[in-house]
Amino acid sequence: MAANPSVLVTGASTGIGATYADRFARRGHDLVLVARDRTRMEALATRLRQETGVAIDIIQADLTQAAELAVVEARLRDDARIGILINNAGTALGGSFIEQSTDDITRLVALNTTALLRLASAVAPRFAQAGEGAIINIGSVVGLAPEFAMTVYGATKAFALFLSQGLSLELGPKGVYVQAVLPAATRTEIWQHAGADVSTMSGVMEVDELVDAALVGFDRREAVTIPPLPDVEQWNAYQAARQAMLPNTRQKHAAARYRTAV
Ligand code: NAP
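Described below are features of the structure shown in this document. Please read all numbers here as calculations on a predicted model, not as lab measurements. (Residues numbered from 1 in each chain as written. Predicted model: local features only at pLDDT ≥ 70, side-chain atom pairs only at ≥ 80, totals over all residues. Heavy atoms only, no water.)

### What to know about the pairing of strand 4 (residues 82-87)
Next up, step 1: In terms of burial, strand 4 is largely enclosed, as six of its six residues are buried.
Next up, step 2: Direction of pairing for strand 1 (residues 6-10) relative to strand 4: parallel, over a ladder of four bridges. Paired with Leu8 across the strands is Leu85, a residue of strand 4.
Next up, step 3: When strand 4 meets strand 5 (residues 134-138), the two strands line up parallel, connected through four bridges. The partner of Ile84 across the bridge, within strand 5, is Ala134.
Next up, step 4: Crossover handedness for the path strand 4 to helix 4 (residues 102-130) to strand 5: right-handed. (Buried < 20%, exposed > 50% of the residue type's maximum accessible area, 1.4 Å probe, protein only. Helix = DSSP H or I, 4+ residues; strand = E, 2+ residues; numbered from the N terminus. Pairing = 2+ DSSP bridges. Right-handed = clockwise from strand over helix to strand, strands pointing away.)

### Side note on the pattern of salt bridges
Next up, step 1: Within the structure shown, the criterion is met by 16 salt bridges.
Next up, step 2: Note that Arg107 is salt-bridged to Asp104, the shortest N-O span being 2.6 Å. With Arg107 and Asp104 both in helix 4 and three residues apart, this pair spans about one turn of that helix.
Next up, step 3: Relative accessible area serves as the criterion here: at 29%, Asp104 is assigned to the partly exposed category.
Next up, step 4: Arg187 is the partner of Glu206 in a salt bridge, and the nearest nitrogen-oxygen pair spans 2.9 Å. Here Glu206 is found in the loop between helix 6 (190-193) and helix 7 (207-219), whereas its partner Arg187 is found in the loop between strand 6 (177-181) and helix 6, with 19 residues between them in sequence.
Next up, step 5: Since its relative accessible area comes to 37%, Glu206 is described here as partly exposed.
Next up, step 6: The network of salt bridges with shared partners includes Asp22, Arg23, Arg26, Arg47, Glu51, Asp208 and Asp212. (Salt bridge = Lys/Arg side-chain N within 4 Å of Asp/Glu carboxyl O.)

### Focus on empty space enclosed by the protein
Next up, step 1: All chains considered together, the criterion is met by one cavity of 30 Å³ or more.
Next up, step 2: Its boundaries defined by the atoms lining it, the largest cavity holds a volume of some 30 Å³.
Next up, step 3: The wall of the largest cavity is formed by Thr10, Leu63, Asn87, Ala89, Leu111, Ala115, Leu116 and Leu119.
Next up, step 4: No other element matches the four residues that helix 4 contributes to the lining of the largest cavity.
Next up, step 5: Here the residues of the lining of the largest cavity sort into six nonpolar, two polar and no charged. (1 Å grid on protein atoms, 1.4 Å probe; cavity = no way out; pocket = protein on both sides within 12 Å on 5 of 7 lines; lining within 4 Å. Points joined across faces, edges and corners; volume = space filled by probe spheres on them. Nonpolar A, V, L, I, M, F, W, Y, C, P; charged D, E, K, R; others polar.)

### A few points about the packing of helix 4 against helix 5 (residues 151-171)
Next up, step 1: It is the contact of helix 4 with helix 5, at a shortest axis distance of 9 Å, that shows an interaxial angle of 10°. Our classification of the angle between helix 4 and helix 5 gives roughly parallel. For the pair helix 4 and helix 5, contact is made by Ile105, Leu108, Val109, Asn112, Thr113, Leu116, Leu117, Ala120 and Ala124 and by Val152, Tyr153, Thr156, Lys157, Phe159, Ala160, Leu163, Leu167 and Leu171, respectively.
Next up, step 2: Each residue belonging to the contact of helix 4 with helix 5 can be placed in one class, and the counts come to 14 nonpolar, three polar and one charged. (Axes fitted to C-alpha atoms, helices over the stretch in contact; angles between N-to-C directions. Parallel < 35°, antiparallel > 145°, perpendicular 65-115°, else oblique. Contact = heavy atoms within 4.5 Å.)

### Brief notes about unusual backbone geometry
Next up, step 1: Notably, Ala149 is not glycine yet its phi reads approximately 60°, a positive angle.
Next up, step 2: Relative to the assigned elements, Ala149 resides in the loop between strand 5 and helix 5.
Next up, step 3: The exposure class of Ala149 is exposed, given its relative accessible area of 60%.
Next up, step 4: Of note, Arg221 is a non-glycine position whose phi angle comes to about 60°, a positive value.
Next up, step 5: By the element assignment, Arg221 lies in the loop between helix 7 and strand 7 (224-225).
Next up, step 6: For Arg221, a relative accessible area of 47% translates into the label partly exposed.

### Quick look at the packing of aromatic side chains
Next up, step 1: Tallied over the full model, the rule gives four aromatic pairs.
Next up, step 2: Geometrically, the ring pair formed by Phe24 and Phe218 is edge-to-face, given 5.8 Å between the ring centres and 90° between the ring planes. In this pair, Phe24 is assigned in helix 1 (residues 15-26) and Phe218 in helix 7, connecting sequence segments 194 residues apart.
Next up, step 3: Summarising the aromatic geometry, the rings of Trp235 and Tyr238 are spaced 5.6 Å apart at their centres and angled 50° between planes, so their arrangement reads as tilted. Separated by three residues within a single helix, Trp235 and Tyr238 lie in helix 8 (residues 232-245), roughly one turn from each other.
Next up, step 4: By way of ring pairs, the aromatic residues Tyr20, Phe24, Tyr177 and Phe218 are connected into one cluster. (Phe/Tyr/Trp six-rings, centres within 6.5 Å; stacked < 30°, edge-to-face > 60°.)

Purely spatial values, then, with no claim about function.
Structural data, given as structure tokens:
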């Protein structure tokens, strides 16, 4: 793999993905941009080629469509220049669970989880074989918080976090770095798609600051990066509580509270 490997970014036409593309181009990495809107990606690519001189390819793909997703998977499997995958494409949905249509939540899951999973699966064996490479999965703090009333979206983001943590344990020893990035509210178009007016919300991070902070975590090889969280000890305590509980789940008998009638 090259010293400065190519970076494949999904959801690169706007928002967090476009900002990652900008930052990696400025670091001298060639790019492969993936999203549905070719015009926007062409405009970004033209600007970044002029400003940075890197080579940029574009794959127009709807990642909820198996045949289009397969093109991106093949590129990740076969193009040995690609050494970093940024699994960023994702969307959100407004409304409560009973208001959301079955088809809409199925599409949400297809994009936020199935596509993310298939792309990681396409590239991980090659990275492991090479003993290097990086996968960045964009999760969300919503994946930690059923209380936020974004149930299906949050479930997809919990999947992204769990997958990242598991892959980090599996692939880390093989030289492959896996990072989960958990933004909180960040000023992008995703809020329009979810039917919310971001201009009325407080505590919203600008997308440049979010990505620059996430890249500090990337450079430090953090497994989980939560840019807005002020005290990392809260995250560490949360992980420690989970790990302390795990040995207690291996029991021959049900807990005492389930061995008495109501
Ligand atoms: P965004 O501005 O809406 O951008 C989403 C990107 O995904 C766009 O490039 C979009 O491009 C692409 N995309 C959407 N549907 C697609 C599809 N079917 N196939 C291929 N690409 C598709 O959203 P963002 O805020 O940058 O979100 C990026 C990631 O950050 C998402 O995973 C999101 O869940 C996560 N996140 C965002 C926030 C936030 O507050 N903004 C917070 C936590 C996590 P096209 O429309 O051109 O396809």
